[in-house]
Amino acid sequence: DLSLKHLDWLKKNFDNVETKIIELDNVFQSFENTMADFNNSLAFANSRSRLRMLTLYQIAQANKGIVVGTGNKVEDFGVGFYTKYGDGGVDISPIADCTKTQIWKMGKNLGILREIIDAEPTDGLWDDGRTDVNQLGMSYQELEEAMMNTSSKNYKKYLEIRKRNLHKMNPIPV
């Protein structure tokens, strides 16, 4: 719902915004049924992200465009909170060097809907609506503080989260 509200805001504020709503529920359901013998909730959640990536690349190439990432410094380089070959698969990542706090400030300065800025961050991959904090066990503010301060009370927990996701952030072994 917030995505649709943001799309409406963008259309009201910019002449070059075009609306395309692509329903992927049936495609995902077919995939899920096909993969029933390999039932794993995390794998299926990540497959949703990969299906979104596949869709974005289809649209980008059909329009001679590129896929623009929305990952930030904490997600992409701090704790690896993204799906490998899913939302991590992009051509350009213009805000990847910004912390989540900086992005929230940018949103306020740009006049983005307050409802979006104040919403609990979520990857949208789970039917139960779990948030990033539910999955990570730490808020973005706590993660940022731990990333910048080795004496932080959360530094050890930050390193644990980072360690289990390093395979995403390190170059592919050859």
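Our subject in this report is the structure included herewith. (Residues numbered from 1 in each chain as written. Predicted model: local features only at pLDDT ≥ 70, side-chain atom pairs only at ≥ 80, totals over all residues. Heavy atoms only, no water.)

1. Some details on the packing of aromatic side chains
Alright, step 1. A full pass over the atoms with the stated rule returns 6 aromatic pairs.
Alright, step 2. Relative to Phe 44, the ring of Phe 28 lies with its centre 6.1 Å away and its plane at 85°, an arrangement referred to as edge-to-face. Of this pair, Phe 28 sits in helix α2 (residues 25-34) while Phe 44 sits in helix α3 (residues 41-62); the two residues are 16 residues apart in sequence, bridging distant segments of the chain.
Alright, step 3. Given a relative accessible area of 7%, Phe 28 falls into the buried group.
Alright, step 4. Considering the side-chain rings of Tyr 155 and Tyr 158, the 6.0 Å spacing of their centres and the 40° angle between planes classify their relative orientation as tilted. Here Tyr 158 and Tyr 155 lie together in helix α9 (residues 155-169), a separation of 3 residues that amounts to about one turn.
Alright, step 5. Each member of the aromatic cluster is reached from another via a ring pair, and the members are Phe 28, Phe 31 and Phe 44. (Phe/Tyr/Trp six-rings, centres within 6.5 Å; stacked < 30°, edge-to-face > 60°. Helix = DSSP H or I, 4+ residues; strand = E, 2+ residues; numbered from the N terminus. Buried < 20%, exposed > 50% of the residue type's maximum accessible area, 1.4 Å probe, protein only.)

2. Quick word on unusual backbone geometry
Alright, step 1. The phi angle at Lys 64 is positive, at roughly 55°, despite the residue not being glycine.
Alright, step 2. Judged by its relative accessible area of 81%, Lys 64 falls in the exposed class.
Alright, step 3. Although it is not a glycine, Tyr 85 adopts a positive phi angle of roughly 65°.
Alright, step 4. By the element assignment, Tyr 85 lies in the loop between α4 (73-79) and α5 (100-110).
Alright, step 5. Residue classification places Tyr 85 among the partly exposed positions, given a relative accessible area of 48%.

3. Considerations on the side chain of Thr 83
Alright, step 1. Note on placement: Thr 83 falls in the loop between α4 and α5.
Alright, step 2. Here Asn 46 takes part through its side chain, which lies 2.8 Å from a polar atom of the side chain of Thr 83. (Polar contact = N/O pair within 3.5 Å; in protein donor to acceptor, adjacent residues only side chain to side chain.)

4. Quick notes on the nonpolar core
Alright, step 1. Among the nonpolar cores identified, the biggest contains 14 residues, and Val 79, Leu 136, Tyr 140, Leu 143 and Ile 161 are the most heavily contacted of them.
Alright, step 2. Broken down by secondary-structure element, the contributors of at least two residues to this core are α4, α8 (140-148) and α9.
Alright, step 3. Considering each element in turn, this core owes the most residues, 3 residues, to α8.
Alright, step 4. Setting aside its immediate chain neighbours within four residues, Ile 161 contacts Val 79, Leu 136, Met 138 and Leu 143. (Core = buried A, V, L, I, M, F, W, Y, C linked by side-chain atoms within 4.5 Å. Contact = heavy atoms within 4.5 Å.)

5. Concerning the environment of Val 17
Alright, step 1. Within the secondary structure, Val 17 is located in the loop between α1 (2-13) and α2.
Alright, step 2. Discounting residues that sit within four places of it in the chain, Val 17 has contacts with Leu 7, Leu 10 and Lys 11.

6. A short note on the side chain of Thr 131
Alright, step 1. Here Thr 131 lies in the loop between α6 (114-118) and α7 (132-136).
Alright, step 2. On the basis of relative accessibility, which here comes to 13%, the residue Thr 131 falls in the buried class.
Alright, step 3. Not counting residues up to four positions away in its chain, the partners in contact with Thr 131 are Glu 120, Pro 121 and Thr 122.

7. Regarding α8
Alright, step 1. All buried positions along α8 are accounted for by Tyr 140, Leu 143, Glu 144 and Ala 146. Taken end-on, α8 shows its buried residues confined to a sector of 165°, consistent with a single buried face.
Alright, step 2. Against the buried residues of α8 lie α4, α5, α7 and α9. (Arc of directions from axis to C-beta.)

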